[in-house]
Amino acid sequence: DSGVTQTPKHLITATGQRVTLRCSPRSGDLSVYWYQQSLDQGLQFLIQYYNGEERAKGNILERFSAQQFPDLHSELNLSSLELGDSALYFCASSVEIAGRRGEQFFGPGTRLTVL
Amino acid sequence: LAKTTQPISMDSYEGQEVNITCSHNNIATNDYITWYQQFPSQGPRFIIQGYKTKVTNEVASLFIPADRKSSTLSLPRVSLSDTAVYYCLVGDLESPDMGRRALTFGSGTRLQVQP
């Protein structure tokens, strides 16, 4: 158990719909990262937040957005869903010590299926 | 971006030592090298991290030559449970946008351990 929680575990929805994935980082971790992993593909970095502010942006589509709240939990919003958005979505968190990012701890993921 | 190159796959037998090499020819002065392990349908798990020379922990060793243009993850006496995908990441952990380089997992090396 990494200490990072993600809800829901599974999500099945239809094309054109909007969903929200939730992540709670480990206690004390200020950084939250979101990744997408499609079937048999590597992890694609989407976006990183640090203490409520966006820190780094990866290959995140305009239809996707994220935010980190004051209690440090984060949400990833996916809208106008397409079949190709079906994937495992992972959240990770890390601590920052003296300005240096520590290792990432990954959650169990949310499996999104778009029908 | 410090692009990394790893073998797509490797095969080994239980009890053998496995060495996975990652090439990162344009590694920058402030870049660290981090390795993660991922089992199917699970989030990656941190294995080891280093900057130069050799780092060892309870599960692996990381060898980094003086020019730092490559690194080798060494897994001693592998077991069936070491069958997984291994990712090499390179990036500046102190940069606000550490960022996409240290967050680019790529396709990794798929290690298959046979009995």
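You'll find the structure just up there.
Residues numbered from 1 in each chain as written. Chains lettered and ligands numbered in written order. Predicted model: local features only at pLDDT ≥ 70, side-chain atom pairs only at ≥ 80, totals over all residues. Heavy atoms only, no water.

Undergrad: For this particular structure, what's the right way to read the overall build of chain B?
TA: Broken down by element type, chain B carries one helix and nine strands. The C-alpha atoms of chain B give 14 Å as radius of gyration, which agrees with the globular expectation for 115 residues (13 Å, within 12%). Structurally, chain B occupies a C-alpha span of about 45 × 30 × 25 Å along its principal axes. A sequence separation of at least 24 residues applies to 57% of the contacts in chain B between residues at least 6 apart. Summing over all exposed atoms, chain B offers an accessible surface of approximately 5,800 Å²; the carbon and sulfur share of this is 49%. Measuring between centres, the 10 positive side-chain charges of chain B sit 4 Å from its 10 negative side-chain charges. (Helix = DSSP H or I, 4+ residues; strand = E, 2+ residues; numbered from the N terminus. Rg over C-alpha atoms; globule rule 2.2 N^0.38 Å. Contact = heavy atoms within 4.5 Å. Areas by Shrake-Rupley, 256 points an atom, 1.4 Å probe, with all protein chains shown as cover. Lys, Arg positive; Asp, Glu negative; His and termini not counted. Charge placed at Lys NZ, Arg CZ, Asp CG, Glu CD.)

Undergrad: For this particular structure, what's the right way to read the sheet that holds strand 8 (residues 74-78) of chain A?
TA: Residues and elements named next belong to chain A. Read from one edge of the open sheet, four strands run 1-3-8-7, paired in antiparallel fashion. Edge positions in the open sheet fall to strand 1 (5-7) and strand 7 (64-68), since each of these has one partner strand only. Neighbour-to-neighbour, the strand axes of the sheet open up by a mean angle of 15°, direction not taken into account. In this structure, strand 1 lies alongside strand 3 (residues 19-24), joined through three bridges in antiparallel fashion. When the sheet's bridge partners are listed, Q6 is paired in strand 3 with C23. (Pairing = 2+ DSSP bridges. Axes fitted to C-alpha atoms, helices over the stretch in contact; angles between N-to-C directions.)

Undergrad: How should I be thinking about the interface of chain B and chain A in this particular structure?
TA: By convention, interface size is frequently given as the accessible area that disappears when the constituent parts associate. Between chain B and chain A, the contact holds 21 residues from the first and 23 residues from the second. Between chain B and chain A the total buried area reaches about 1,800 Å² when both faces are included, carbon and sulfur atoms providing 52% of it. Joining chain B to chain A, the criterion identifies zero salt bridges. Summed over the shared surface of chain B and chain A, the result is three residue pairs in polar contact (both at pLDDT 80 or more). When residues of the side of chain B that touches chain A are traced back to their parent elements, those giving at least two are strand 3 (32-38), strand 4 (45-50) and helix 1 (99-102) of chain B. For the side of chain B that touches chain A, the leading source of residues is strand 3 of chain B, giving three residues. Taken together, the residues of the side of chain B that touches chain A sort by class into 11 nonpolar, seven polar and three charged. (Buried area = accessible area lost by both parts, 1.4 Å probe. Salt bridge = Lys/Arg side-chain N within 4 Å of Asp/Glu carboxyl O. Polar contact = N/O pair within 3.5 Å; in protein donor to acceptor, adjacent residues only side chain to side chain. Nonpolar A, V, L, I, M, F, W, Y, C, P; charged D, E, K, R; others polar.)

Undergrad: In this structure, what is going on with the sheet that holds strand 9 (residues 109-114) of chain B? I would like to understand it.
TA: The strands that make up a sheet are held in pairs by hydrogen bonds between backbone atoms, and each pair lies either parallel or antiparallel. Residues and elements named next belong to chain B. Taken in spatial order, the five strands of this open sheet run 1-9-8-3-4, and their pairing is mixed. Across the chains shown, the open sheet's two edge strands, defined by having one partner strand only, are strand 1 (9-13) and strand 4. This sheet shows a mean twist of 25° between the axes of neighbouring strands, independent of strand direction.

So far we have only geometry, and geometry alone does not tell us how the molecule works.
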